[in-house]
Amino acid sequence: MENQNKKKWIPIVLILVGAAFFVIMLILPLITVLFRSLKDGWELYASALAAKNTLSALKVSLIAAGIALLVNTFFGLCASWLITKFEFRGKQVLSTLIDIPFSISPVIAGLAFIMMFGRMGWATPLLDRFNAFFGTDIALVFSIPGVVLATIFVTFPFVSRELIPVMSAQGNSEEEAAAMMGAGGLSIFRRVTLPHIKWTLAYGMILCTARALGEFGAVYAVSKTRGQTFTLTLEVDALYMSGTADSITQAFAVSSLLVMIAIAILVVKQIIEYRGRNEKEE
């Protein structure tokens with residue numbers, strides 16, 4: 001009887017510990033951000049969101065996240081297809097290389113781009129020749145292209161790492177059958193492979209977008225000018241480090257914008273997971 005009572009208490013204790021951890025580490029900080037952003041009234045909150053630097057940072061964040069999403073979705077599909085549907089030398093090496101952004105600090109990634117494309121970078125002469133030949137003035141560090149490159153790097157694995165396990169479990173039998181019936185590669189992907197992975201692909205794209213919008217370290221290294229190349233996370237840091245009462249409130253206001261974007265992404269994620277589960281059950 002005593003053992004049975006202990007067994008009943010174990011899940012209750014675990015649930016309480018988990019709930020307490022969830023509230024302390026996630027709910028309370030987010031509530032604090034929202035409360036602090038509105039502490040000095042709606043007028044200051046609205047002015048912080050409508051400020052020129054905030055709108056510029058939002059624009060840069062959306063540009064970087066959008067381009068990173070497109071590039072990494074295309075690469076993720078290609079890499080996942082290659083790794084799961086074909087056998088070739090170096091397959092394991094490619095699979096390992098995809099995980100590099102998970103093991104390298106984002107700041108180091110940003111510094112790596114500076115060492116490549118900065119004033120003393122080894123790739124700078126090549127870029128200078130390109131600009132001279134085409135009459136352009138492209139800069140890949142301390143510019144929006146640099147922010148985009150850094151964002152692509154840190155979000156590189158998210159789509160492929162969601163797709164590879166699902167496509168591996170799917171196997172090749174359906175694709176091989178379609179090929180034997182004369183279907184082309186694109187047709188096989190669109191009609192056979194994609195229906196099985198569409199919800200997983202959408203989930204990976206959501207993770208990629210969320211990571212891109214929240215990146216700080218890599219873009220901090222390659223960004224330079226507030227109001228031009230700063231993202232929302234950098235704008236929050238700049239406002240908070242200003243140290244004045246108004247700027248700190250503005251920092252929380254801009255942070256609340258990131259929180260709302262994150263909540264919207266979470267809602268979309270839950271909808272996709274729900275529809276994916278329903279489709280599997282059917």
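Above: the structure in question.
A brief structural summary. From a predicted model like this one, the values you see are computed outputs, not experimental measurements. (Residues numbered from 1 in each chain as written. Predicted model: local features only at pLDDT ≥ 70, side-chain atom pairs only at ≥ 80, totals over all residues. Heavy atoms only, no water.)

A word on the packing of aromatic side chains
And step 1. According to the stated counting rule, one finds 8 aromatic pairs in the structure shown.
And step 2. Between Phe75 and Phe156, the aromatic rings sit 4.4 Å apart at their centres with planes inclined by 25°, giving stacked as the arrangement. Of the two residues, Phe75 sits in helix α3 (residues 52-85) while Phe156 sits in the loop between α8 (144-154) and α9 (158-170), which places them 81 residues apart along the sequence.
And step 3. Pairing Phe216 with Tyr220 gives two aromatic rings, centres 5.4 Å apart and planes at 20°, and the pair type is stacked.
And step 4. With relative accessibility at 32%, the residue Phe216 sits in the partly exposed group. (Phe/Tyr/Trp six-rings, centres within 6.5 Å; stacked < 30°, edge-to-face > 60°. Helix = DSSP H or I, 4+ residues; strand = E, 2+ residues; numbered from the N terminus. Buried < 20%, exposed > 50% of the residue type's maximum accessible area, 1.4 Å probe, protein only.)

Examining the side chain of Ser143
And step 1. Tracing the sequence through the fold places Ser143 in the loop between α7 (124-134) and α8.
And step 2. A distance of 2.5 Å separates the side chain of Ser143 from the backbone oxygen of Ala139, its partner in a polar contact.
And step 3. Sequence-distant contacts of Ser143, defined by excluding residues within four places in its chain, comprise Val222 and Thr229. (Polar contact = N/O pair within 3.5 Å; in protein donor to acceptor, adjacent residues only side chain to side chain. Contact = heavy atoms within 4.5 Å.)

Side note on the nonpolar core
Here is a general trend for soluble globular proteins: nonpolar side chains tend to be buried in one another's company.
And step 1. Counting residues in each nonpolar core, the largest one holds 20 residues, and the members touching the most others are Phe117, Val147, Ala150, Val219 and Val222.
And step 2. For this core, the elements supplying multiple residues, two or more each, are α3, α6 (106-117), α8, α12 (217-222) and α13 (232-242).
And step 3. For this core, the leading source of residues is α8, giving 5 residues.
And step 4. Of all hydrophobic cores here, the second largest spans 10 residues; its members include Leu69, Leu77, Val159 and Cys208. (Core = buried A, V, L, I, M, F, W, Y, C linked by side-chain atoms within 4.5 Å.)

What about α6?
And step 1. Over its 12 residues, α6 extends 17 Å from the first C-alpha to the last, a length consistent with the 16 Å expected when each residue adds 1.5 Å.
And step 2. Buried within α6 are the following residues: Ala109, Gly110, Phe113 and Phe117. Burial along α6 is one-sided: seen end-on, the buried residues are contained in an arc of 100°. Exposed side chains of α6 directed beyond 90 degrees from the buried face belong to Ile108 and Met115.
And step 3. Those residues of α6 that are buried are in contact with α7, α8 and α12. (Expected span 1.5 Å × (residues − 1). Arc of directions from axis to C-beta.)

Things to note about the pattern of salt bridges
And step 1. One pass over the full model with this rule turns up 4 salt bridges.
And step 2. Ionic pairing is found between Lys91 and Glu87, a salt bridge with its closest N-O pair at 3.2 Å.
And step 3. Across the salt bridge formed by Glu235 and Arg226, the nearest N and O atoms sit 2.8 Å from each other. (Salt bridge = Lys/Arg side-chain N within 4 Å of Asp/Glu carboxyl O.)

Overview of unusual backbone geometry
And step 1. Even without being a glycine, Phe142 presents a positive backbone phi close to 55°.
And step 2. Relative to the helices and strands, Phe142 resides in the loop between α7 and α8.
And step 3. Phe142 gets classed as partly exposed once you look at its relative accessible area, which sits at 38%.

Keep in mind these numbers describe shape, not what the thing actually does.
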